[in-house]
Amino acid sequence: MKGIVLIVLAVALFFSGALYGIEKNQQKETGDVPVEVTSPDTRDEQDCLPPESNESVPWISRLAEGIGEGIAVTFNGIVVVFSEMFSF
């Protein structure tokens, strides 16, 4: 029973995310949402550089970053698998 609920939630999340993405893409195409376009010549060099930090990152922050990346990779994998399953 829990497995069925999990599958239904995953499918609902996938479809709601897909519909949200389609809506945002249509808003960009119709011009409802302003899209900022900058050419590489006009950008400042310092905008591209990451901030320098002399401090070491605490271990808990590195652990949280690793867990977050793992969850993101897992979620992206699930989305890819479901999108392949439902593409006709």
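Within every chain, residues take consecutive numbers counted from 1 along the sequence as written. Given that this is a predicted model, residues contribute local features only at a pLDDT of at least 70 and side-chain atom pairs are listed and counted only at 80 or more, while totals for whole chains, interfaces and linings are drawn from all residues. Remark: hydrogens and water are excluded; side-chain values derive from all non-hydrogen atoms of the structure.

**Student:** Explain the overall build of the chain to me, using residue names and the numbers behind them.
**Tutor:** For helices the rule is a DSSP run of H or I covering at least 4 residues; for strands it is a run of E covering at least 2, with both sets numbered from the N terminus onward. Regarding its fold elements, the chain presents three helices and zero strands. Buried residues are those whose accessible area, probed at 1.4 Å on protein chains only, stays under 20% of the maximum for their type, while exposed residues exceed 50% and partly exposed ones sit between those limits. The buried share of the chain, reckoned over its 88 residues, is 2%. Surface accessibility of the chain: about 8200 Å² in total, with carbon and sulfur atoms responsible for 63%. Accessibility throughout is a Shrake-Rupley quantity obtained with a 1.4 Å probe, and a residue counts as covered only by protein chains that appear here.

**Student:** Could you give an account of helix α1 (residues 2-30), with specific residues and numbers?
**Tutor:** For an α-helix, 3.6 residues make a turn, and residues three or four places apart therefore share a direction. Between the first and last residue of a helix there are one fewer steps than residues, each counted as 1.5 Å, and that sum is the expected span. The end-to-end C-alpha distance of α1 is 42 Å, a good match for the 42 Å that 29 residues give at a rise of 1.5 Å each. Looking one or two places after α1, you find Gly 31, whose phi comes out positive at around 90°.

**Student:** How would you explain a nonpolar patch on the surface if you had to name every residue and give the values?
**Tutor:** Within the patch definition used here, like charges are joined within 9 Å and nonpolar side chains (Val, Leu, Ile, Met, Phe, Trp, Tyr) within 5 Å, considering only residues with over 30% relative accessible area and no salt bridge. Each salt bridge in this description consists of a side-chain nitrogen of Lys or Arg and a carboxyl oxygen of Asp or Glu lying within 4 Å of one another. A cluster of nonpolar side chains, Trp 59, Ile 60, Leu 63, Ile 67 and Ile 71, forms an exposed patch at the surface whose accessible area comes to about 540 Å². Judged by its relative accessible area of 45%, Ile 60 falls in the partly exposed class.

**Student:** Can you explain the packing of α1 against helix α3 (residues 59-86)? Please cite residues and give values.
**Tutor:** Working convention: axes come from line fits to C-alpha atoms, limited for helices to the stretch in contact. Angles between N-to-C directions cover 0 to 180 degrees. Running from N to C, α1 and α3 cross one another at 85°; their axes reach a closest spacing of 11 Å. One way to sum up the angle between α1 and α3 is to call them roughly perpendicular. Of the residues in α3, those touching α1 at Ala 10, Val 11, Leu 13, Phe 14 and Phe 15 are Phe 75, Val 79, Phe 82, Ser 83 and Phe 86. Side-chain classes follow a simple rule in which Ala, Val, Leu, Ile, Met, Phe, Trp, Tyr, Cys and Pro form the nonpolar group, Asp, Glu, Lys and Arg form the charged group, and the remainder, Gly included, forms the polar group. Partitioned by chemical class, the residues of the contact of α1 with α3 number nine nonpolar, one polar and no charged. The labels follow the angle: roughly parallel below 35 degrees, roughly antiparallel above 145, roughly perpendicular from 65 to 115, and oblique for the rest. Any two residues whose heavy atoms approach within 4.5 Å are treated as being in contact.

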